[in-house]
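# Analysis of the macromolecular model
Okay, here's what each chain looks like letter by letter:
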Amino acid sequence: MANDTTAVDERPPGRPVRRLENVVVRFAGDSGDGMQLTGDRFTLASAVFGNDLVTFPNFPAEIRAPAGTLAGVSSFQVHFSDYDIHTPGDAPNVLVAMNPAALRANIDDLAPGSTVIVNSDAFEERNLHKAGYETNPLEDGSLEAYQVYPVPMTSLTVEVAKDVGAKPREAERSKNFFALGLVSWMYSRPIEPTVAWNEEKFGKNRTVAESNLAALKAGWNFGETAEVFAARFEVEPAHLAAGEYRSINGNTATAYGIITAGQLAGIPVFLASYPITPASDILHELARHKNFGVRTMQAEDEIAAAGAALGAAFGGHLAVTTTSGPGLDLKSETLGLAVQLEMPLLVVDVQRGGPSTGLPTKTEQADLLAAMFGRHGESPIPVVAARTPGDCFSAVIEAARIAVEHMTPVIFLTDGYLANGSEPWMIPDPEEFEPFPVSFATEPNGPDGSFLPYLRDDRLVRPWGLPGTAGLEHRIGGLEHEDVTGNVSYVPENHDYMIRIRAAKIERIADDIPLVEVEGDPDADILVVGWGSTYGAIKAGLTQAREEGVQSAQVHLRHLNPFPSNLAEVLERYEVVLVPEMNTGQLASLLRSRFLVDARTLSKMQGVPFTAGEIASEVEKLAKERP
Amino acid sequence: MTEATKESTALTRKDFQTDQEVRWCPGCGDYTILASVQNFLVEAGAQPEKTVFISGIGCSSRFPYYMNTYGMHGIHGRAPAIATGLAAARPDLDVWVITGDGDALSIGGNHFIHALRRNVDLKILLFNNQIYGLTKGQYSPTSEEGKVTKSTPFGSIDHPFNPISLALGAEATFVARTLDSDRPHTAEVLRAAHAHRGAAFVEIWQNCNVFNDKAFELVTGKATRDQNQIRLRPGEPLRFGPENEKGIVFTSHGRAEIVVVAEVGQDAIAVHDAHRDDPSLAFSLSRLSSGPYGPTPIGIFRQVERPTYDEQMAQQLAAAQERGGPGDLAALYRTGGTWTVEA
């Protein structure tokens, strides 16, 4: 067991209770077994209990891959603790495996001595065969390194559900509630929130609601009475900053951020999107909140989504389109037009494994260079990235602010891990946000009473004049045009000038964004630079390295274009710069070309986030290599 | 957003013209269409500040630069998508899409049919010249089979779209065809399109005198037009010909057929009804010709009412606000359960 800090604490009448600092539980089963739901409920109970937590849902792209196969295994990992944590945990302390495939797909991630709870009913010949087991691992001794608890979850569930009138096949489906009840007992999690949720969600279907409830209680009681488990465990509430919290995932935080950005800008939100994993939930969430004046449109394709959003921007709305990698490719032409028009357009790219369809449900950070350069012609676009699920909220507000204040498209990057992973989020006070009200042009700005759509202010930003405003009628377009008037121009020097002025406008955004802050040891020689969802793994990894006596510092970039103005100076202070990325070194190549710094890359492209241990060992290795 | 206060009745065509030099080839049909549209906007009392022209790419798509209204010259094929966003966000505007046969039917085919099916309040003017002009003369999706062009030296093997059939197939609520050279008819069709609430599709046969000259001659030329123009007039029998001697009947299968009136009798001739909700007969009429190769219906094929996309979007917003009150961020953040950590 992880971090067992106290001796056995005998508390009658139950089993001995051990206190732990942190635990990582992974629920794994068939994609139809309800593992995501089980994990979600366990997470919420832990959150309500006051633990800090980070989750990592991991599921196949197929909605229902063939039952019992490795391809169909879906899992949900939750890391909960009595202190501030930043990753979903490197290795599970407990694996709940609902069938042989779930066991086989996950067992290698466990350290020896970890706990494995299996649904022994599922370990019959057919399932074993589907999972590729020639012998039953519960009987052949192959699991000797682990503490294995076979529990006949299916039959016990069917037994109790029978009493509430459920037929066996229906009843079987409640077995995830049995698992949830059992693990809740093991870790002294409250089941009340789940009981209330079950009633709310399934209350109308009495048999389902009552089977679930019966299975949940049976799981709890099994732990309590079956004398199988030697002890149960407690993880005390974490010492989080005082305040009101909720659990939030990155997509929800992004959606809330977009709604909030519209309010802060004082203009209505218009979202046009095409369904794509793992970004669709942002569209779903925003579609529910029409009372905020949010317009949502499910477009016919990714291109139309970008186009419709751009049209709404012309009409004075906070225009947003959400997508993932393949959709970003399709939006690049519209992004180029938005660059040429100098029109605010927020593109949210929830990155996933690529190229092409790649790994739709798995995470990756390989769209950075596409966001930077993935358009023909000179078309600079600001890029902003979120670091944690909760950070998606404020980072997307920042991206929207840059878009409307600087009249430019902005690409906001999150990824599959941030999108679906969740963490406690201290609920902000809307009164404390800094508003950035948009002021549209209302009067002609030309000498002869004309409107000059490309007459720039001192930040090189052009006015936003809206259709409907008398006296400001003007035309904009994708053809190169003169500065100031916007009239089409093919004059060679003009094109050169316009490319430079559009680029200078984006560069000047650096004056309007915060400086980077360095975390970690002030005297370190090693700097780890990250961006996006690697924040937690890097932070936790450097803490681990510190425990091994290796000092290091951390910079995590929210603004990737332009970079914060002190970045060059910060990079110069360190002898070694390491950039861990879930790509082959995209940020590293930007840093190298921009700052002539010998940035080293730590790559991982496995569809799962870095573990803290991977970061720590790389930093320790670098420290050893140094003279 | 400033409400217009100007008296618009005082405007002239000049008020809709820009100071930009019009750069279509001399003799291009686009000049006539530009004049027709500008004159129509004067006649309709349109307010320049409320009027927006969105275009894609191609010769016709230069149109917004010449209109002293709001305008956007967009990207190839995407004008209906851009215009959909604008019209849905701003139902107070008069949004027009200017497109061509390559722009709307080839690269932008998807956006075109979806704008029509959604019934967004847009007026789509498709200048059909059956050729790619701006790229100097490749065949287009409305070019006839066998068309010899630079990209089809042995003749095109593409079967062309019939734009009217396509629009009707997409269940467009307003579908019409007019001719660049017939300014009174263009004005009449524009008037009806402008008055229509929802997506109005107008195909304008437009002569490209450089790359596809006289493509429509059989239907528009003086010598043959009486034989080949079937004028669709609401409430009137579908008759045509130099002596009005021919007419249209619908067979029992719903197919439109050209007959000699004297042979079948006046009572057998179909009476044109664009307001019929079922699009089948309008579709049959559109099948009478696949292009300017014989007797071809000119006019309004279909004109029916259906709730518009922008209207319904606005209604959903209003209903949500009525139900839930204006949005409350503090409450939004708390959906789904919260807990408190004490100090």
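Just so it is clear, the model here is predicted, and its values are computed rather than measured.

## Concerning the side chain of H79(A)
Residue and element names in this part refer to chain A. When you line up the elements, H79 lands in strand 4 (residues 73-81). A polar side-chain atom of H79 sits 3.0 Å from a polar atom in the side chain of N22. Of the polar contacts made by the side chain of H79, one reaches the backbone nitrogen of G89; its length is 3.4 Å. Once residues lying within four places of it in the same chain are set aside, the contact partners of H79 are N22, V23, V24, D52, L53, V54, I85, T87, P88 and G89.

## Things to note about the packing of helix 4 (residues 153-162) of chain A against helix 8 (residues 206-225) of chain A
Residue and element names in this part refer to chain A. Contact geometry of helix 4 with helix 8 gives a least axis separation of 9 Å together with a crossing angle of 125°. By the angle class used here, helix 4 and helix 8 are oblique. Along this stretch, helix 4 crosses helix 8, giving a crossing that reads as right-handed. Where helix 4 approaches helix 8, its residues L156, T157, V160 and A161 are matched on the opposing element by S211, A214, A215, A218 and F222. Considered class by class, the residues forming the contact of helix 4 with helix 8 number 7 nonpolar, 2 polar and no charged.

## Looking at the confidence of the model for chain A
Averaged over all residues, the pLDDT of chain A equals 94, while 97% of them reach at least 70. Every residue in residues 1-12 of chain A is under pLDDT 50, and counting partners more than four places away or in other chains gives 28 contacts.

## Description of the pattern of salt bridges
By the definition in use, this model includes 44 salt bridges over all chains. Measuring nitrogen to oxygen at the nearest pair gives 4.0 Å for the salt bridge that ties E519(A) to R387(A). Taken together, the residues span a long stretch of sequence, with E519(A) in strand 18 (residues 519-520) and R387(A) in the loop between strand 14 (383-385) and helix 14 (391-406) at a distance of 132 residues. What makes R387(A) partly exposed here is its relative accessible area of 23%. Several salt bridges share partner residues, and in doing so they unite D121(B), K123(B), R197(B), D310(B) and E311(B) into one network.

## A word on the nonpolar core
Residues F412(A), V529(A), L557(A), L587(A), L591(A) and I54(B) are the most contacted members of the largest nonpolar core, which totals 159 residues. When near neighbours in sequence (up to four residues on either side) are disregarded, L557(A) contacts A385(A), V516(A), V529(A), G530(A), W531(A), G532(A), F563(A), P564(A), L567(A) and L587(A). Grouped together as the second largest cluster of nonpolar side chains are 41 residues, V25(A), F27(A), L53(A) and V151(A) included.

## Some words on the packing of aromatic side chains
Within the structure shown, the criterion is met by 26 aromatic pairs over all chains. Ring centres of Y245(A) and W339(B) lie 6.1 Å apart, and the angle between their planes is 15°; this geometry places the pair in the stacked category. Taken together, the residues Y245(A) in strand 9 (residues 243-249) and W339(B) in strand 12 (residues 339-341) connect one chain to another. W339(B) carries the same exposure label as Y245(A), and that label is buried. Considering the side-chain rings of F53(B) and W96(B), the 5.7 Å spacing of their centres and the 20° angle between planes classify their relative orientation as stacked.

## A short note on unusual backbone geometry
In this structure, the amide linkage connecting T277(A) to the following residue, P278(A), adopts the cis form with an omega of 0°. Assignment of secondary structure puts P278(A) in the loop between strand 10 (269-273) and helix 10 (280-287). That bond from N561(A) to P562(A) is cis: its omega, -10°, falls within 30 degrees of zero. As for its position among the elements, P562(A) is in the loop between strand 21 (559-561) and helix 18 (567-572). A positive phi angle, close to 60°, is found at N119(B), a residue other than glycine. By the secondary structure assignment, N119(B) is in the loop between helix 4 (109-118) and strand 4 (122-128). Owing to a relative accessible area of 0%, N119(B) belongs among the buried residues under this scheme. One non-glycine residue, K136(B), adopts positive backbone phi at about 75°. Mapped onto the secondary structure, K136(B) falls in the loop between strand 4 and helix 5 (163-169).

## Some thoughts on the sheet that holds strand 9 of chain A
Pairing in this open sheet of 3 strands is antiparallel, and the strands run 16(A)-9(A)-12(B) from one edge to the other. Two strands lie at the open edges of the sheet, namely strand 16 (422-426) of chain A together with strand 12 of chain B, each paired on one side alone. Shown here is a sheet whose adjacent strand axes are inclined to one another by a mean of 40°, direction ignored. Pairing of strand 9 of chain A with strand 12 of chain B, which is carried by 3 bridges, proceeds in the antiparallel orientation. Bridge pairing links Y245(A) to W339(B) in strand 12 of chain B.

## A closer look at the domain arrangement of chain B
Residues and elements named next belong to chain B. One can read the domain layout of chain B as domain 1 (8-236 + 274-317) and domain 2 (239-271). Put simply, the middle of domain 1 and the middle of domain 2, counted by C-alpha atoms, are 28 Å apart. Contact residues are listed per partner, giving 11 residues for domain 1 and 12 residues for domain 2. Where domain 1 touches domain 2, the interface holds 0 salt bridges. Linking domain 1 with domain 2 are 2 residue pairs in polar contact (both at pLDDT 80 or more). Counting only elements with at least two residues in the side of domain 1 that touches domain 2, the list comes to helix 8 (225-228), strand 7 (229-232) and helix 10 (280-286). For the side of domain 1 that touches domain 2, the leading source of residues is helix 10, giving 3 residues. Classifying every residue of the side of domain 1 that touches domain 2 by side-chain character gives 5 nonpolar, 4 polar and 2 charged.

Calculation criteria
Residues numbered from 1 in each chain as written. Chains lettered and ligands numbered in written order. Predicted model: local features only at pLDDT ≥ 70, side-chain atom pairs only at ≥ 80, totals over all residues. Heavy atoms only, no water. Helix = DSSP H or I, 4+ residues; strand = E, 2+ residues; numbered from the N terminus. Polar contact = N/O pair within 3.5 Å; in protein donor to acceptor, adjacent residues only side chain to side chain. Contact = heavy atoms within 4.5 Å. Axes fitted to C-alpha atoms, helices over the stretch in contact; angles between N-to-C directions. Parallel < 35°, antiparallel > 145°, perpendicular 65-115°, else oblique. Left-handed = near helix turned anticlockwise from the far one by under 90°. Nonpolar A, V, L, I, M, F, W, Y, C, P; charged D, E, K, R; others polar. pLDDT = per-residue confidence, 0-100. Salt bridge = Lys/Arg side-chain N within 4 Å of Asp/Glu carboxyl O. Buried < 20%, exposed > 50% of the residue type's maximum accessible area, 1.4 Å probe, protein only. Core = buried A, V, L, I, M, F, W, Y, C linked by side-chain atoms within 4.5 Å. Phe/Tyr/Trp six-rings, centres within 6.5 Å; stacked < 30°, edge-to-face > 60°. Pairing = 2+ DSSP bridges. Domains from an automatic or database assignment.

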